[in-house]
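# Structural description and commentary
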Amino acid sequence: MAESFTHDHDVLVIGAGGAGLRAAIEAAAAGVKVGLVCKSLLGKAHTVMAEGGVAAALAHVDDRDSWRVHFADTMRGGQYLNNPRMAELHAKEAPERVRELEAWGALFDRTREGKILQRNFGGHRYPRLAHVGDRTGLEMIRTLQDHGIHQGIEVFMEVTVVELLKDGDRVSGCVAYDRERGKMHLFKAKSIVMATGGIGRAYKITSNSWEYTGDGQSLAYHAGAELLDMEFVQFHPTGMVWPPSVRGILVTEGVRGEGGVLRNKAGKRFMFDDIPDNYKAQTADNEEEGWRYCQGDKNARRPPELLTRDHVARCIMREVKGGRGSPNGGVFLDVAWIKPHVPGGAEHIKKKLPSMYHQFKELAGIDITQVPMEVGPTTHYIMGGVRVDADTQMSTVPGLFAAGECAAGLHGANRLGGNSLSDLIVFGKRAGEYAAKFAKENGGVQIDRAQVEAAECMVLEPFGRSAAENAYAVQHDLQNTMQDLVGIVRNEGEMAQAVDKVAELARRAAVVGVSGNREYNPGWHTAIDLRNLLTVSEAVARSALLRKESRGGHFREDYPDKDKRFGTVNHAIRKGADGQMEVFEVAVPTPSDELQAVIKEMG
Amino acid sequence: MAKTTFSIYRGDSEGGQFADYQTEVGEGMVVLDCVHQIQAESAPDLAVRWNCKAGKCGSCSAEVNGKPRLMCMTRMSDLPEGETVTLEPLKAFPRLRDLVTDVSWNYGVKQGIAKFAPRAPDAEDGTWRMQQEDIDRVQEFRKCIECFLCQDVCHVLRDHRKHGEFAGPRHFVYAAALEMHPLDTADRVEALKEQEGLGYCNITKCCTTVCPEGITITDNAIIPLKERVVDRHYDPMRSLVRGLIGR
């Protein structure tokens, strides 16, 4: 067997969302030969779905903001399991990365002084999110795309990577196939940046598209890299719940930033009932103060709807489980109520939240300027991912880098809204920079034909098993397993069951058969994606089993409280010598003296 | 629940034919849901391009009952009840397989348009000042999700196949966004006339009609660009002045 195409690059970037594009641009600027591989067409990656904004302490709306406050907010939101150096770099560099987007053509909404406007978001002390209505992700990816296409980057669209290759300890390239023709490609590269995003497709209810099958985490793991914090999956509190076919589609936190409130079926704003102690000092205790905050009153504290996502999601679950939910199993999110209190009324809502207005109008036949939305938690993001060095983003495999959602460290146990888009550009840039440096400083790589052939064999095997297991059925069962057993509320028994079920599903996946030919065959693509979905699902379940406490995105009904001991450790994962998955504890990195002082000062 | 029949184009670049599939349509389902259900039930190799399923990425463009639509934003309840739903690929681009077409031509056209070139920063810290009212128009253009439905419906591409001489509505919106960007300094007027074939557009506004983002492509992007071309080339006063000073 032989691949149809071979390619040779200094730096190969896998994934073309915000992080991948930013990495490719940076690597190209360093003067090396750059390839960019993406599963979809260019500009379609999940970054387009990001709505609310990009967090950066520009201090345009509130001059009390600074990198220190942003850093402290990020650490508090992550329950101090974050890598403090990453949180520091992120807070310090985000403003420059946002300004750079403007220099590349992005048009953020403006303040009266003509500067970039910033909005409130959950867990951020001051208005911090630069935004474009509620389509900030689209603006960001289009800006990077339109800038990137003029930088001499070779782009491979609709190409899926199936295995990383090694030359000794070092990464040396990858094997991939193109969706259009089903031909095999061999990519040789001195360094590789993984920017493949998340794992949302392992769950039934998710805001993620089909692409989010954990490729980066899984491929890195199978190539010997360590993963970190895989138990921390973010369930966004507000996804659509009706109609059933759109269940899980995201409803931006920006709705709450603009004054939207959560109510149960009795009309009660239940978020006031449960404000965590460490947020009491900065959270409004009455409706009037919360609304003043949303209107920009600097002396007001933020409404409890803008508490961190993990907490809001659990409060919604509590209402639903307690029989106080909305008719379709969610709660009500009401932004229509602000109409009499803002100039322009309904038009103001449409201007601030155009995509949300459009989305509900088109998909649910609901006018959000008139009636409340129904919302409930949806699998949105994974805080965990490839374990990387804070400064360089290199994984534990030399030459293999990771950035964005597929890397771990910045967000700890829970990510703040808006910190993802900033993560992409801050660490995408760093990954590109250091991957180029690595390629320049280290010589060429050798391709091991045996590895290539093994990968090609694995990819084509399903065609020989025509009457076997159905790939869609296995994927469906896996999504139900993860949703039901390793979801928003977890316990020992269910997760142990999930580990067994994932093993059983892996046995079924091994005998999946595919019909048709290799040209744009979704059945085949689904079959190949299963390996990655199963790997990351096992990683999530095994890490979660070992964390016998509740913290951030990880909530256990059998251990509902935080445990101090677990507050000092991250869970790392590697492939053992016997091929089995090993989970082990590593100490959370200690913040520098300066950072400790910042944390202490900010509370 | 009653089953609905879908007549779906199956084939590749060589040719193909319509095949019928039946599937149950549940509450609130969109056309793309039905296609996925058919894949899972009876046609695992039915090719369809999709991504966000929320009208934000512009991947799942196809022709639903002959009209260019995003399949993820077309609700079954908005189609005639009890009638067969016809699905076929976009017609302005080469067919690859089933509902998937080769849209790579669009990426090449975009690359040929002069990139954003900002003026020197307004402030010492390297930043600019812009008023919201000055960017409202450009923000409308930047809502484009590159679904290429406007390209598909445009008769210059769809019927007259002027792909070599005409950039299409999408790229006029792109060029307009750059031309009207308050910071931009590049000049695309000559290229719009000579290379991108702006003159072929005869303002039938089909593109505006199909745009899922509601961008007023013809009135807000194309006509102002045409005016710029006219001002430059056909302004009688300017011609007179040019004649008098001998340039």
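Residues numbered from 1 in each chain as written. Chains lettered and ligands numbered in written order. Predicted model: local features only at pLDDT ≥ 70, side-chain atom pairs only at ≥ 80, totals over all residues. Heavy atoms only, no water.

## A look at the overall build of chain B
How we decide: Each helix corresponds to a stretch of at least 4 residues labelled H or I by DSSP, and each strand to a stretch of at least 2 residues labelled E; elements are numbered beginning at the N terminus. Relative accessibility thresholds used throughout: buried, under 20% of the residue-type maximum; exposed, over 50%; partly exposed, between the two (1.4 Å probe, protein chains only). Residue contacts are counted whenever heavy atoms from the two residues lie within 4.5 Å of one another. Residue-level accessible areas treat just the shown protein chains as cover; the underlying method is Shrake-Rupley with a 1.4 Å probe. Under the counting rule used here, the positive set is Lys and Arg, the negative set is Asp and Glu, and His together with the chain ends is not counted. We put the charge of a Lys on NZ, of an Arg on CZ, of an Asp on CG and of a Glu on CD.
A count of helical and extended segments in chain B gives 10 helices and 7 strands. By residue count, 55% of the 247 residues in chain B fall in the buried class. Within chain B, contacts between residues at least 6 apart in sequence are counted, and of these 61% link residues at least 24 apart. Entry remark: accessible area of chain B is about 10,700 Å², with carbon and sulfur atoms responsible for 49%. Positive and negative side-chain charges in chain B, numbering 31 and 37 respectively, have mean positions lying 3 Å apart.

## Topic: the interface of chain B and chain A
We count it as follows: A simple way to read buried area is as the amount of 1.4 Å-probe accessible surface that goes missing from two parts once joined, with both sides added. Salt bridge, as used here, is a side-chain nitrogen of Lys or Arg placed within 4 Å of a carboxyl oxygen of Asp or Glu.
At the interface, 57 residues of chain B touch 64 residues of chain A. Carbon and sulfur atoms supply 53% of the area buried between chain B and chain A, which totals about 5,100 Å² over both sides. Our count for the chain B to chain A interface comes out at 7 salt bridges. The residue E51 of chain A makes a salt bridge to K56 of chain B at a minimum N-O spacing of 3.2 Å. Those elements giving two or more residues to the side of chain B that touches chain A turn out to be α1 (31-41), β6 (95-97), α2 (104-111) and α3 (132-141) of chain B.

## Some thoughts on the packing of aromatic side chains
Threshold: The rule is short: rings of Phe, Tyr and Trp, with Trp giving its six-membered ring, pair when the centres are within 6.5 Å, and they are stacked under 30 degrees, edge-to-face over 60, tilted in between.
Scanning the model with the defined rule gives 13 aromatic pairs over all chains in all. Between F401 of chain A and F438 of chain A, the aromatic rings sit 6.1 Å apart at their centres with planes inclined by 75 degrees, giving edge-to-face as the arrangement. Linking F401 of chain A in strand β16 (residues 400-402) with F438 of chain A in helix α12 (residues 419-441), this pair joins segments that are 37 residues apart in sequence. For F401 of chain A, a relative accessible area of 2% gives the class buried. Ring geometry for Y9 of chain B versus F18 of chain B: centroids 5.8 Å apart, planes at 75 degrees, classification edge-to-face. Judged by relative accessible area, Y9 of chain B falls into the buried class, the value being 3%.

## Structural notes on the side chain of S191 of chain A
Within the secondary structure, S191 of chain A is located in strand β9 (residues 184-194). In this structure S191 of chain A touches D10, V11, L12, V171, G399, F401, A435, F438 and A439 of chain A, once residues within four positions along its chain are discounted.

## As for α3 of chain B
One turn of an α-helix holds 3.6 residues; hence residues three or four places apart share an orientation. Taken as a whole, α3 of chain B has its buried residues at Q132, I135, V138, Q139, E140 and F141 of chain B. Lining the buried residues of α3 of chain B we find α10 (346-352) of chain A together with α6 (169-179) and α9 (217-234) of chain B.

## Concerning the packing of helix α5 (residues 215-222) of chain A against helix α16 (residues 522-546) of chain A
All names here are of chain A. To keep it simple, the criterion reads: To get an axis, fit a line to the C-alpha atoms, keeping to the stretch in contact for a helix; angles then go from 0 to 180 degrees between the N-to-C directions. Working definition: roughly parallel below 35 degrees, roughly antiparallel above 145 degrees, roughly perpendicular at 65 to 115 degrees, and oblique for all remaining angles. The residue classification treats Ala, Val, Leu, Ile, Met, Phe, Trp, Tyr, Cys and Pro as nonpolar and Asp, Glu, Lys and Arg as charged. All others, Gly included, are polar.
It is the contact of α5 with α16, at a shortest axis distance of 8 Å, that shows an interaxial angle of 80 degrees. Classified by the angle between their axes, α5 and α16 sit roughly perpendicular to one another. Residue-level inspection shows D215, Q217, S218, L219, Y221 and H222 of α5 in contact with α16, the latter providing R531, N532, T535 and V536. Tallied by class, the residues present in the contact of α5 with α16 amount to 3 nonpolar, 5 polar and 2 charged.

## Focus: the packing of helix α15 (residues 492-509) of chain A against α16 of chain A
All names here are of chain A. Our working definition: Each crossing gets its hand from how the near helix is turned against the far one by less than a right angle, where anticlockwise is left-handed and clockwise is right-handed.
Where α15 meets α16, the axes come as close as 9 Å, and the angle between the chain directions of the two elements is 160 degrees. Considering their axes alone, α15 and α16 lie roughly antiparallel with respect to each other. Like other packed secondary-structure pairs, α15 and α16 cross with a definite hand, here left-handed. Of the residues in α16, those in contact with E492, M495, A496, V499, V502, L505, A506 and A509 of α15 are L530, L534, S537, E538, A541, R542, A544 and L545. When grouped by side-chain class, the residues that make up the contact of α15 with α16 number 12 nonpolar, 1 polar and 3 charged.

## Brief notes about the domain arrangement of chain B
All names here are of chain B. Where we set the bar: Delimitation of the domains relies on an automatic or database domain assignment. Identification of polar contacts relies on pairs of N or O atoms within 3.5 Å, with a donor-acceptor requirement for protein atoms, meaning one able to donate a hydrogen and the other able to accept it, and with residues adjacent in sequence counted only if both atoms are side-chain atoms.
If you check the domain split of chain B, you get domain 1 (3-101) and domain 2 (104-236). Computed from C-alpha coordinates alone, the two centres of domain 1 and domain 2 are separated by 30 Å. Across the contact, 14 residues belong to domain 1 and 17 residues belong to domain 2. Summing both partners gives a buried area of about 1,100 Å² for domain 1 against domain 2, and 57% of it is carried by carbon and sulfur. On the domain 1 side of the contact with domain 2, P68, A92 and F93 bury the most area, a combined 48% of that side's loss. One can count 1 salt bridge joining domain 1 with domain 2. R158 is paired through a salt bridge with E63; the nearest N and O atoms lie 2.7 Å apart. Where domain 1 touches domain 2, the interface holds 7 residue pairs in polar contact (both at pLDDT 80 or more). Elements supplying a minimum of two residues to the side of domain 1 that touches domain 2: β3 (61-64) and β4 (67-70). Across the side of domain 1 that touches domain 2, the residue classes tally to 7 nonpolar, 3 polar and 4 charged.

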